[in-house]
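# Residue-level structural notes
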Amino acid sequence: QKEVEQNSGPLSVPEGAIASLNCTYSDRGSQSFFWYRQYSGKSPELIMFIYSNGDKEDGRFTAQLNKASQYVSLLIRDSQPSDSATYLCARGASGTYKYIFGTGTRLKVLA
Amino acid sequence: DGGITQSPKYLFRKEGQNVTLSCEQNLNHDAMYWYRQDPGQGLRLIYYSQIVNDFQKGDIAEGYSVSREKKESFPLTVTSAQKNPTAFYLCASSPPGGGSNQPQHFGDGTRLSIL
């Protein structure tokens, strides 16, 4: 079983719609969760991080964490073609300095 | 501007050759990491270092070596023992305090290919 699971996609949404990206994880002890955006051929860029159950909003982005169900989501409102990228979900491996990454979900925003 | 600098951007390795990838940060971060990314894949941890003069193997350390003589620098050597080195190599660092509760930040990466 993979430690962090993401649907590889592609997830296609029309411009202006809400894109919903999901991630599940297997370690109930995980405390920290991160979302990165990676454009083709580029390095990952941190978008959001979340530690507590519930929602955390930053501009058009909302991260949602549900520790009981072991999932974390990223919502992108008013999606733009420039949001087209691969989104990586990661968690901090509790009690260590290591991070566990999912394989990413490819998002396509159609103009 | 603070950040993580990786060089070179592109690197070619000949058969039997060792090559070294540079990673320098001026963020005053304690922890530094090396990842490998293959096409369509996630990030796989090669080595990481929590403090100067200390480092630990990640999930795919075979064929690689590192050093951490200065806080700012964490070079990665891809040795001739690594038979499939073609990949995108990413260096990252994280702020002090809280271990992996702190977000990581990445350099721009080095793309390594075999000649």
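What you are looking at is a predicted structure, and each value in this text was computed from that prediction instead of being measured.

Parameters at a glance
- Residues numbered from 1 in each chain as written.
- Chains lettered and ligands numbered in written order.
- Predicted model: local features only at pLDDT ≥ 70, side-chain atom pairs only at ≥ 80, totals over all residues.
- Heavy atoms only, no water.
- Buried < 20%, exposed > 50% of the residue type's maximum accessible area, 1.4 Å probe, protein only.
- Helix = DSSP H or I, 4+ residues; strand = E, 2+ residues; numbered from the N terminus.
- Pairing = 2+ DSSP bridges.
- Salt bridge = Lys/Arg side-chain N within 4 Å of Asp/Glu carboxyl O.
- Axes fitted to C-alpha atoms, helices over the stretch in contact; angles between N-to-C directions.

### Structural notes on the pairing of strand β4 (residues 31-37) of chain B
Residue and element names in this part refer to chain B. Burial analysis of β4 places seven of its seven residues in the buried class, the great majority of the element. On β4, burial covers both faces: A31, Y33, Y35 and Q37 on one face and M32, W34 and R36 on the other are all buried. Pairing of β4 with strand β9 (residues 87-94), which is carried by seven bridges, proceeds in the antiparallel orientation. For A31, the partnering residue across the bridge sits in β9 and is S94. Pairing analysis gives six bridges linking β4 to strand β5 (residues 43-49), with the strands arranged antiparallel. Counterpart to Y35 in the pairing with β5 is L45. Two successive antiparallel strands, β4 and β5, enclose a turn made up of five residues, where G40 displays a positive phi of approximately 70°.

### As for the pattern of salt bridges
All names here are of chain A. All chains considered together, the criterion is met by nine salt bridges over all chains. Notably, a salt bridge pairs D27 with R91, separated by 3.5 Å at the nearest N-O pair. Of this pair, D27 sits in the loop between β3 (19-25) and β4 (33-38) while R91 sits in strand β9 (residues 85-92), and the two are 64 residues apart along the sequence. Given the relative accessible area of 25%, D27 is considered partly exposed. For R91, a relative accessible area of 2% translates into the label buried. Bridged by salt links that share partners, the residues E3, D27 and R91 form one connected network.

### Considering the sheet that holds strand β3 (residues 19-25) of chain B
Residues and elements named next belong to chain B. Here we have four strands laid out as an open sheet, ordered β1-β3-β8-β7, and antiparallel in their pairing. Since the sheet does not close on itself, it has two edges, and those belong to β1 (4-7) and β7 (64-66), each with one partner. Taken over all neighbouring pairs, the strand axes of this sheet differ in orientation by 20° on average, direction set aside. Taken together, the four bridges between β1 and β3 define a ladder with antiparallel strand orientation. Across the sheet, the residue bridging to S7 is S22, located in β3.

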